[in-house]
Amino acid sequence: MGKLLRAASTTCAAAALLAAALVPAEAATASAADPGGLPWSSTTSVGVHNAYEQSTYPYFADALDSGAGMLEIDVWTNVFGRSWRVSHENPLGNANNCAGAASAAQLRTGARNRDLGGCLADMRAWHDANPGHRPILVKIELKDGFQDNAGRGPDELDALLRSRLGDALFRPAELAGAHADLDTAVRADGWPGRAAMSGKFVVELIPGTVEQGNPLDSLWTDREYAQHLRNLKAAGRLADAGAFPAVHKAAAGDPRTRYADGSIRPWFVVFDGDASAYANGSIDTSWYDRNHYLVVMTDAHNVAPAIDGTRPTEAQARDRVALLAGRHASVVSADWYPLPSVLATVLPRGGA
């Protein structure tokens, strides 16, 4: 009987190996590339810098279709224009690939060059057509910061995000749960599983290049929005918040110590900086991973040895993603829009 059992076991094992060998290569790759059972913060995905530009994608729907785990949008708020303008260099108008779609049928038919509301409308229309889509981090750089006195402050941004994205928006309150702040929440419970985050957009805010160079602006986006979250929590209104502020620029240790006001530090659980700084060994990037913080590593192509910023070979781009996954990146960001198979890559964070 023992011999029969061992023979049956051997036969079953051989059959399993044969079955595995017959699985289509693309199916096996997809299973390995999308570790849906892991927490979202335990995976590494790939992002596209300035995905709203028409030279990158004809329509923002194309960026959403690309498979990328992060898409970046630049927004202007200054008093010399109206609305939340989406443009790289023009602070007075819109120059982008957003169509302001009311339905999926309009994603590539409407006039482009819409404001942020139009880009968010495209996201919602696309979401409705793809309800179980991958979680997407939407990185918004407020080029010149908030303009609260002109009706474009944190409250107004929250209202816009809620009205356009609705239940497709993953909010800080969902992460915080019953905890006192975001830091306590992620260190205790982490982020939801990647599969549980399906169909969600997560909005990250970073201070803009113009804001940081403005000697008259002493209240940058990161600090202003963190204060906003702290105050909403104190007022019992954290559910109103729609975005997560990021600590911008890589630094050793806990970069939140740069904020003199210690009460806002626990509201930062997203970090964003240059990939070369994170990868050179001077920063303990495992600290972010252990605490379940998200880290967006930008300009991934510049990490030594540098590769092309737009059109590297697929092997070069994949190797770079794997390298930075090993350095505990949550998102590896570059301008690799011509490589959709790379953009759709998802790896276990830390190279596990």
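The structure displayed is predicted, hence computed values, not measured ones.

Analysis parameters
Residues numbered from 1 in each chain as written. Predicted model: local features only at pLDDT ≥ 70, side-chain atom pairs only at ≥ 80, totals over all residues. Heavy atoms only, no water. Helix = DSSP H or I, 4+ residues; strand = E, 2+ residues; numbered from the N terminus. Rg over C-alpha atoms; globule rule 2.2 N^0.38 Å. Buried < 20%, exposed > 50% of the residue type's maximum accessible area, 1.4 Å probe, protein only. Contact = heavy atoms within 4.5 Å. Areas by Shrake-Rupley, 256 points an atom, 1.4 Å probe, with all protein chains shown as cover. Lys, Arg positive; Asp, Glu negative; His and termini not counted. Charge placed at Lys NZ, Arg CZ, Asp CG, Glu CD. Pairing = 2+ DSSP bridges. Salt bridge = Lys/Arg side-chain N within 4 Å of Asp/Glu carboxyl O. Patch = residues over 30% accessible without salt bridge, like charges linked within 9 Å, V, L, I, M, F, W, Y side chains within 5 Å. Polar contact = N/O pair within 3.5 Å; in protein donor to acceptor, adjacent residues only side chain to side chain. Phe/Tyr/Trp six-rings, centres within 6.5 Å; stacked < 30°, edge-to-face > 60°. Core = buried A, V, L, I, M, F, W, Y, C linked by side-chain atoms within 4.5 Å.

1. Focus on the overall build of the protein chain
Thinking step 1. When its secondary structure is counted, the protein chain shows 13 helices and 10 strands.
Thinking step 2. Compactness check: the protein chain gives a C-alpha radius of gyration of 21 Å against a globular reference of 20 Å for 352 residues, within 12% of the reference.
Thinking step 3. Taking the principal axes of the C-alpha coordinates as reference, the protein chain spans close to 85 × 50 × 45 Å.
Thinking step 4. Looking at the 352 residues of the protein chain, the share that counts as buried comes to 50%.
Thinking step 5. Residue pairs in contact within the protein chain that sit at least 24 positions apart in sequence constitute 69% of those at least 6 positions apart.
Thinking step 6. Only carbon and sulfur atoms are counted for the fraction: they give 55% of the accessible area of the protein chain, which is about 14,500 Å².
Thinking step 7. For the protein chain, the distance from the average position of its 32 positive side-chain charges to the average position of its 39 negative side-chain charges is 4 Å.

2. Some words on the pairing of strand S4 (residues 136-142)
Thinking step 1. The buried fraction of S4 amounts to seven of the seven residues, a majority that puts the element mostly inside the structure.
Thinking step 2. Burial along S4 is two-sided: the face carrying Ile-136, Val-138, Ile-140 and Leu-142 and the face carrying Leu-137, Lys-139 and Glu-141 are both buried.
Thinking step 3. Where S4 lies against strand S5 (residues 201-207), seven bridges are found, and the strand directions are parallel. Looking at the pairing, Lys-139 lines up with Glu-204 of S5.

3. Remarks on the side chain of Lys-200
Thinking step 1. For Lys-200, the location among the structural elements is in the loop between helix H7 (182-189) and S5.
Thinking step 2. Although buried, Lys-200 forms no salt bridge, and the nearest oppositely charged side chain, Glu-174, lies 4.2 Å from it.
Thinking step 3. Filtering out sequence-adjacent residues up to four positions away, Lys-200 remains in contact with His-133, Arg-134, Pro-135, Ile-136, Asp-167, Ala-168, Leu-169, Phe-170 and Glu-174.

4. Let's talk about a nonpolar patch on the surface
Thinking step 1. On the surface, a cluster of nonpolar side chains totalling about 360 Å² of accessible area is made up of Val-79, Phe-80 and Leu-92.
Thinking step 2. Looking at the element boundaries, Val-79 is found in the loop between strand S2 (70-76) and strand S3 (85-86).

5. A few points about the pairing of S5
Thinking step 1. S5 sits mainly inside the fold: seven of its seven residues count as buried.
Thinking step 2. Burial along S5 is two-sided: Phe-201, Val-203, Leu-205 and Pro-207 and Val-202, Glu-204 and Ile-206, pointing in opposite directions, are all buried.
Thinking step 3. Where S5 lies against strand S6 (residues 244-248), two bridges are found, and the strand directions are parallel. Residue Glu-204 lies in a different strand from S6, and its bridge partner there is Phe-244.

6. Remarks on the environment of His-88
Thinking step 1. Tracing the sequence through the fold places His-88 in the loop between S3 and helix H4 (116-129).
Thinking step 2. Considered as a pair, His-88 and Tyr-52 are 36 residues apart in the sequence and their alpha carbons are 8.9 Å apart.
Thinking step 3. Residues contacting His-88, with those up to four places away along its chain left out, are Asn-50, Tyr-52, Glu-53, Asp-74, Trp-76 and Lys-143.
Thinking step 4. Within the structure, the side chain of His-88 is placed 3.3 Å from the side chain of Asp-74, a separation counted as a polar contact.

7. Overview of the packing of aromatic side chains
Thinking step 1. Taken as a whole, this structure holds 14 aromatic pairs when the rule is applied.
Thinking step 2. Centroid distance Tyr-57 to Tyr-337: 6.1 Å. Interplanar angle 65°. Geometry classified as edge-to-face. You can see Tyr-57 sitting in the loop between strand S1 (43-48) and helix H3 (60-65) and its partner Tyr-337 sitting in the loop between strand S9 (331-334) and helix H13 (340-343), a full 280 residues away along the chain.
Thinking step 3. For Tyr-57, a relative accessible area of 7% gives the class buried.
Thinking step 4. Measuring from centroid to centroid gives 4.9 Å for Trp-287 and Tyr-288, while their planes differ by 75°, and the two rings are edge-to-face.

8. Structural notes on the nonpolar core
Thinking step 1. Counting residues in each nonpolar core, the largest one holds 92 residues, and the members touching the most others are Leu-116 and Trp-336.
Thinking step 2. When residues of this core are assigned to their parent elements, the largest contribution, six residues, is made by H4.

9. Notes on the pattern of salt bridges
Thinking step 1. For the structure shown, the criterion picks out 15 salt bridges.
Thinking step 2. The salt bridge involving Arg-230 is made with Asp-261; its shortest N-O contact spans 2.9 Å. Residue Arg-230 is found in helix H9 (residues 221-234), and its partner Asp-261 is found in the loop between S6 and strand S7 (270-274); the two are separated by 31 residues along the sequence.
Thinking step 3. You can call Asp-261 partly exposed: its relative accessible area is 32%.
Thinking step 4. Measuring nitrogen to oxygen at the nearest pair gives 3.0 Å for the salt bridge that ties Arg-256 to Asp-254.
Thinking step 5. On the basis of relative accessible area, Asp-254 is assigned to the partly exposed category, the value being 25%.
Thinking step 6. The structure contains a network of salt bridges with shared partners spanning Asp-183, Arg-187, Asp-254 and Arg-256.

10. Here we look at the environment of Val-75
Thinking step 1. As for its placement among the helices and strands, Val-75 is situated in strand S2.
Thinking step 2. Separated by 133 residues in the primary sequence, Val-75 and Gly-208 place their C-alpha atoms 8.7 Å from one another.

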